[in-house]
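# Overview (structure and organization)
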Amino acid sequence: MNLIVAVDENWGIGKDNQLLCRISADLKRFRAITTGHVLVLGRKTLESFPNGKPLPNRTHMVLTANKAYPAEGVTLCHSLEELPRALAAYREEEIFVIGGGSVYRQLLPRCKKAYITKIYDTFPADTFFPDLDKDAAWTLTQKGEVQEENGVKFSFDIYEQKG
């Protein structure tokens, strides 16, 4: 299992269930990396998508404690314990954790690779990702070239879990 996320300098990832900023190159990278694969996400992340609908050409596993949650085109998992059974049919597939904050924190130990868009700025945030630079279990294996879009500087970095 891998993960993909955009973070600011404080490892902030969102505010009010929205991205901190929209970078078209980041959205294109997200689409290129995740299309055709399995996504693991929380209910609020699904609801942040256009019209609250799943993204095209991907399989969605949505974690929610709400057993009455009405969702179309996704597989619901009502606990982390259910997730391995739900993912068993996709053993040969690449699986990406895509948020939100609590889903990232809970599944980070199970991930091998983290695709991080590092944004060289800070934004007001209410949701944060664990700082992988301070986590001894993770190492930066690929530092992307700094790019700029609409005055926002960013890089596409890859971290891998040690061992």
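Note: the structure precedes this text.
This section reports on the structure supplied with the text.

## Digging into the sheet that holds strand S2 (residues 12–15)
Taken in spatial order, the three strands line up as S3-S2-S9 in an open sheet, and their pairing is antiparallel. If you trace the sheet from one side to the other, it starts and ends with strand S3 (18–19) and strand S9 (127–128), each paired once.

## A closer look at the pairing of strand S1 (residues 2–7)
Of all six residues in S1, six are buried; the element is thus mostly enclosed. By the alternation rule, side chains of S1 split into Asn2, Ile4 and Ala6 and Leu3, Val5 and Val7, which are all buried. Sheet topology places S1 next to strand S7 (residues 95–99); two bridges connect them, and they run parallel. In the sheet register, Asn2 faces S7, and the bridge partner there is Phe96. Alignment of S1 against strand S8 (residues 113–119), held across six bridges, turns out to be parallel. Note that in S8 the partner of Val5 across the bridge is Ile116.

What counts and how
- Residues numbered from 1 in each chain as written.
- Predicted model: local features only at pLDDT ≥ 70, side-chain atom pairs only at ≥ 80, totals over all residues.
- Heavy atoms only, no water.
- Pairing = 2+ DSSP bridges.
- Helix = DSSP H or I, 4+ residues; strand = E, 2+ residues; numbered from the N terminus.
- Buried < 20%, exposed > 50% of the residue type's maximum accessible area, 1.4 Å probe, protein only.

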